[in-house]
Amino acid sequence: MNMTIRDLFVIGLALSIIYYALFALMGPNTAVTEIIWLIGILAGAVSLKAGFDYDRVRFSSILSFLSVVLFIYIFTIALTDLEGPAMALSLLALPFVSAVSTAALLGLVKKGRPASKGVPEASVARRFRALMYELDPIIWVFLIVSIVYLTLFLLVPIAYMLGYSFVSQAGWLGNFISIFRDPSQGFVRPYLLPGDGGLYQSEHVGGSVRVNFYLLIYGYGYVLNSLIIATIVTVFATILGILVAFVIARFNFKGKELLRIIALIPLFVTPFVNAYALKLLFSDQGPVSQLVYLLTGGRFKLTISGMAGVIITQIITFYPIVYLNTYSSLINIDPSMEEQAENLGSKGLKLFLDVTMPLALPGIAAGAILVYIFSLEDLSAPIVWNFHHVMSYYIFSNFITEQAIISPTAAAVGVVMLFFALMGFLAIRNYVSMRSYAMISRGGRLVSRARKPGILASLAIYLGVFPLVIFTALPQISVVLLALKVLQPFGWTFIFSSNPGTYLESFKMIMSDPQVFNGILNTLKYAATSVTIGVILAIMVGYSVSRVNIKWLTNLLDSMATAPIAIPGLVVALGYWFFFRDLAQATGLSFLNPLDIRAFQLWVVLVISFSVRRLPYVVRSVYAGFQQVHKNLEEAAMNLGASRTRVIFGVIFPFILSYVLSGALLGFVYMSTEVTTSITLGGLKAEQAPVTYWLYMYTLKATAAGIQEAAAIGSLLILIQLIAVIIIILVFKQRYAFIGV
């Protein structure tokens, strides 16, 4: 009899019950817990010999995705050593995760073995000659420059931060032991503090009851709070993104184009002030509270604060990432795949779960992991909602100590954030790479699967999806109204002036403020310089990856160029501080030393940071262009005597010019709206800070004029992004989307 998934969970349930019974009788006991863990791991490994069918998990979208999530959860519990219900839940899933992990590891080992032992491996000399034949001087330049740049300004700074995270008087692991095993430090706390047990507070205001939904006040510490928020945000943003993408991709209805446009509005980045606008929406006088007041006959009002506010803000801000990636996957699905399933009797939800969702899963997973990473590193929502018990705010607030040095503990927290971001990224990327579906044709654009919705579907679209998507666009709309002084910063009131000049007062104020005006100029200069560097690197990387037939080398370069998307900006900021400080001290280049405030040139660090952090957006567009040009075209040109340089820039470049320009515009947008490194490093030298730093400073003023001027800065950022998107879509005919995994 073969071991089944149910059998593994039955074993896990038995281990969980035994553990919890012993825990209740004896309290925490490390030796007992370790023995039970060992039994669970061995049970999973032995199940492979007992006939456990790993392929059932590997080829099931739900089971494989669940296994990734459970693996991350169990790893977190093992790292933090949380006793009680959390440990019992991890033991429940441990045999299943152990079996899946062991089978996946064995599969990777077998994959790395030679296909046939009878075929001798090529000699080192022969492989070297093949390498030299493949790489001519221009390819060498492309490879060396791109690898050196990414190594020097991405890998080395992170290595510096990693090194300093081990500096501790309690031993080289002292900081991490303090983070994961000392609840008094507030990083990982297995219990709630007094007064933090409820999800909401209620109080009588006039003749009604105001319910303030906060979820948690202090939570379970910086690390666990961040993971809880990121998990909840990822789940709900993914569900909402899939829902909107499916409705737009599979139905034709009146207002469809309007819905597509509204769904894109949350993508326009307005750091801090959009979270403030959401805070207004959920305030005591906001529309949400007033709607609840009307629906309950004046008995209740609903407000949001704390962790709940952070979660809702991030869901609304990030769900379009899932929507765009999912929509792109849905329209590229071969219609014959779904049609064949329908001919075999699959319909409705079964068709979606068994056929459509697995085919679209790479796009869904790509969007979901980006949401997870962006949620971990987000600063604006925790700052605006005054929920500071997350890793991102801890790193930001402890970035510089009173002695003008970075705290090693902050570096250790940065390593923890990087670890969880990369673990999720690599797990999902490996999962997506395993799921390769062959299609007869990519006919999604030629034969549309969109159909007219029925009565129930129409009601769901117009009464459910439309209002929901419109609500998610309200923060950006509110930002513009705040800037125009129509919406007031406190309460939810509108004032219309008979004097048209009133609407432009906030814009006049920021343009007359030399600091803000200088910040705008700095942003334009930094973004322009960074995107120039990014385009050059993207051409080098894109051409090398698409043309060089040396798999390990191109995989290495592709991974290095893609990795910045998975590295939180705060981690980059910490790494750069350590790296440039030591580099300046070693070389005597004081303009790179963040400790020498007078000589330090912040713009150099920001330009390098932008060019590295936003490189994946440019690379993706340029690489897509190279893929559109067949290799035979350049081979024909080289056979006629053209050099490699002339082929690239004289033959291929005109064909990919639109891809290069659209990638440059996309990179410019994300560089000009970058937040984490801008406000963290910007505080070192305010006169060289970009405009997002001043957006943060104006939001902190918490005055009517300060909020309105921050909204005016946010409106300018929306305008810049809107112009770029219009050019990308209408001029270059490219789809505006986030990068996938």
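Please read all numbers here as calculations on a predicted model, not as lab measurements.

### A word on the packing of helix α21 (residues 514-547) against helix α25 (residues 615-628)
Alright, step 1. At a minimum axis distance of 8 Å, the contact between α21 and α25 shows a crossing angle of 45°. Classed by the angle they form, the pair α21 and α25 counts as oblique. In terms of crossing hand, the pair formed by α21 and α25 is right-handed. Contacts between α21 and α25 involve G534, V535, L537, A538, I539, V541, G542, Y543, V545, S546 and R547 on the former and, on the latter, L615, V618, V619, V622, Y623 and F626.

### Quick word on the environment of Q185
Alright, step 1. Within the fold, Q185 resides in the loop between α8 (174-181) and β1 (200-205).
Alright, step 2. Among the residues examined, Q185 registers a relative accessible area of 40% and is labelled partly exposed.
Alright, step 3. Here the alpha-carbon distance between Q185 and E505, two residues 320 residues apart in the chain, equals 47 Å.

### Observations regarding the packing of α21 against helix α24 (residues 602-613)
Alright, step 1. For the pair α21 and α24, the least separation of the axes is 8 Å and the interaxial angle reads 50°. Overall, the two elements α21 and α24 adopt an arrangement that is oblique. The chirality of how α21 crosses α24 is right-handed. Facing Y526, T529, S530 and I533 of α21, the residues of α24 in contact are W603, L606, V607, F610 and S611.

### Points about the sheet that holds strand β2 (residues 208-213)
Alright, step 1. Strand order in the open sheet made by the three strands is β1-β2-β3, with mixed pairing throughout. Each of the sheet's edge strands pairs with one partner strand only, and the pair in question is β1 and β3 (300-304). Pairwise comparison of adjacent strand axes, ignoring direction, gives a mean angle of 20° for this sheet.
Alright, step 2. Examined bridge by bridge, β1 and β2 share six bridges and lie antiparallel to one another.

### So, the pattern of salt bridges
Alright, step 1. One pass over the full model with this rule turns up eight salt bridges.
Alright, step 2. A salt bridge links E257 to R260; the nearest nitrogen and oxygen atoms lie 3.6 Å apart. With E257 and R260 both in helix α10 (residues 256-264) and three residues apart, the pair spans about one turn of that helix.
Alright, step 3. E257 gets classed as partly exposed once you look at its relative accessible area, which sits at 49%.
Alright, step 4. With relative accessibility at 28%, the residue R260 sits in the partly exposed group.
Alright, step 5. Measuring nitrogen to oxygen at the nearest pair gives 2.9 Å for the salt bridge that ties E505 to K485. Placement of the pair is E505 in helix α20 (residues 505-512) and K485 in the loop between α19 (455-483) and α20, with a sequence separation of 20 residues.
Alright, step 6. Using a relative accessible area of 33% as the deciding quantity, one classes E505 as partly exposed.
Alright, step 7. Look at K485 and you get partly exposed, because its relative accessible area is 22%.
Alright, step 8. Three or more residues are tied together by salt bridges with common partners; here these are E203, R210, D284 and K301.

### What about unusual backbone geometry?
Alright, step 1. Of note in the backbone geometry, F272 takes a positive phi value of approximately 70° without being a glycine.
Alright, step 2. Following the sequence through the fold, F272 ends up in the loop between α10 and α11 (273-281).
Alright, step 3. A positive phi angle is found at N386, which is not glycine, with a value near 60°.
Alright, step 4. Summarising the element assignment, N386 is placed in the loop between α16 (380-384) and α17 (391-397).
Alright, step 5. Taking relative accessible area as the criterion, N386 reaches 55% and is therefore assigned exposed.

### Looking at the packing of aromatic side chains
Alright, step 1. The final tally for this structure, using the stated rule, is 35 aromatic pairs.
Alright, step 2. With centroids separated by 5.2 Å and ring planes inclined at 25°, the aromatic side chains of F9 and F96 adopt a geometry described as stacked. With F9 in helix α1 (residues 5-26) and F96 in helix α5 (residues 85-112), this pair connects stretches of sequence that are 87 residues apart.
Alright, step 3. Judged by relative accessible area, F96 falls into the buried class, the value being 0%.
Alright, step 4. Consider the rings of F246 and F352, whose centres lie 5.2 Å apart with planes at 80°: the pair is edge-to-face. Of this pair, F246 sits in helix α9 (residues 222-250) while F352 sits in helix α15 (residues 348-377), and the two are 106 residues apart along the sequence.
Alright, step 5. On the accessibility criterion, F352 (18% relative accessible area) is buried.
Alright, step 6. An aromatic cluster of three or more residues is present, and its members are Y149, F153, Y160, Y576, F579 and F580.
Alright, step 7. Over the ring of Y293 we find K301, and its NZ or CZ is 5.4 Å from the ring centre.

### What about helix α22 (residues 551-562)?
Alright, step 1. With 12 residues, α22 extends 16 Å from end C-alpha to end C-alpha; this agrees with the ideal 16 Å at 1.5 Å per step.
Alright, step 2. Residues of α22 that are buried: L553, T554, L557, M560, A561 and T562.

### Notes on the side chain of T699
Alright, step 1. Among the secondary structure elements, T699 is positioned in helix α29 (residues 691-700).
Alright, step 2. For T699, a relative accessible area of 10% translates into the label buried.
Alright, step 3. Here the side chain of T699 touches L695 through a polar contact of 2.7 Å, landing on its backbone oxygen.
Alright, step 4. Setting aside anything within four residues of it in sequence, one finds T699 in contact with F272, V273, V384, I707 and A710.

### Things to note about a nonpolar patch on the surface
Alright, step 1. A cluster of nonpolar side chains, namely I455, L456, L459, Y462 and L463, defines an oily patch on the protein surface of about 600 Å² accessible area.
Alright, step 2. Positionally, L459 belongs in helix α19.

### Brief notes about the environment of A561
Alright, step 1. The residue A561 is located in helix α22 in this model.
Alright, step 2. When the C-alpha atoms of A561 and P271 are compared, they prove to be 26 Å apart, with 290 residues separating the residues in sequence.

### Things to note about helix α23 (residues 569-587)
Alright, step 1. Between the first and last C-alpha of α23 there are 26 Å, a value that for 19 residues agrees with the 27 Å anticipated at 1.5 Å per step.
Alright, step 2. Taken across its 19 residues, α23 has 15 buried, putting it largely inside the fold.
Alright, step 3. Following α23 by one or two positions, G588 adopts a phi angle in the positive range, close to 80°.

### Let's talk about the pairing of β2
Alright, step 1. Both β2 and β3 contribute to a ladder of five bridges, which runs parallel. Counted as the bridge partner of V209 is F300 from β3.

### Remarks on the confidence of the model for the chain
Alright, step 1. Across the chain, pLDDT averages 84, with 91% of residues at or above 70.
Alright, step 2. Counted against residues more than four places away or in other chains, residues 434-446, with its pLDDT under 50, gives 30 contacts.
Alright, step 3. Under a pLDDT of 50 for its full length, residues 737-741 has, in the predicted model, 25 contacts with residues more than four places off or in other chains.

Basis of the calculations
Residues numbered from 1 in each chain as written. Predicted model: local features only at pLDDT ≥ 70, side-chain atom pairs only at ≥ 80, totals over all residues. Heavy atoms only, no water. Axes fitted to C-alpha atoms, helices over the stretch in contact; angles between N-to-C directions. Helix = DSSP H or I, 4+ residues; strand = E, 2+ residues; numbered from the N terminus. Parallel < 35°, antiparallel > 145°, perpendicular 65-115°, else oblique. Left-handed = near helix turned anticlockwise from the far one by under 90°. Contact = heavy atoms within 4.5 Å. Buried < 20%, exposed > 50% of the residue type's maximum accessible area, 1.4 Å probe, protein only. Pairing = 2+ DSSP bridges. Salt bridge = Lys/Arg side-chain N within 4 Å of Asp/Glu carboxyl O. Phe/Tyr/Trp six-rings, centres within 6.5 Å; stacked < 30°, edge-to-face > 60°. Lys NZ or Arg CZ within 6 Å of the ring centre and 35° of its normal. Expected span 1.5 Å × (residues − 1). Polar contact = N/O pair within 3.5 Å; in protein donor to acceptor, adjacent residues only side chain to side chain. Patch = residues over 30% accessible without salt bridge, like charges linked within 9 Å, V, L, I, M, F, W, Y side chains within 5 Å. Areas by Shrake-Rupley, 256 points an atom, 1.4 Å probe, with all protein chains shown as cover. pLDDT = per-residue confidence, 0-100.

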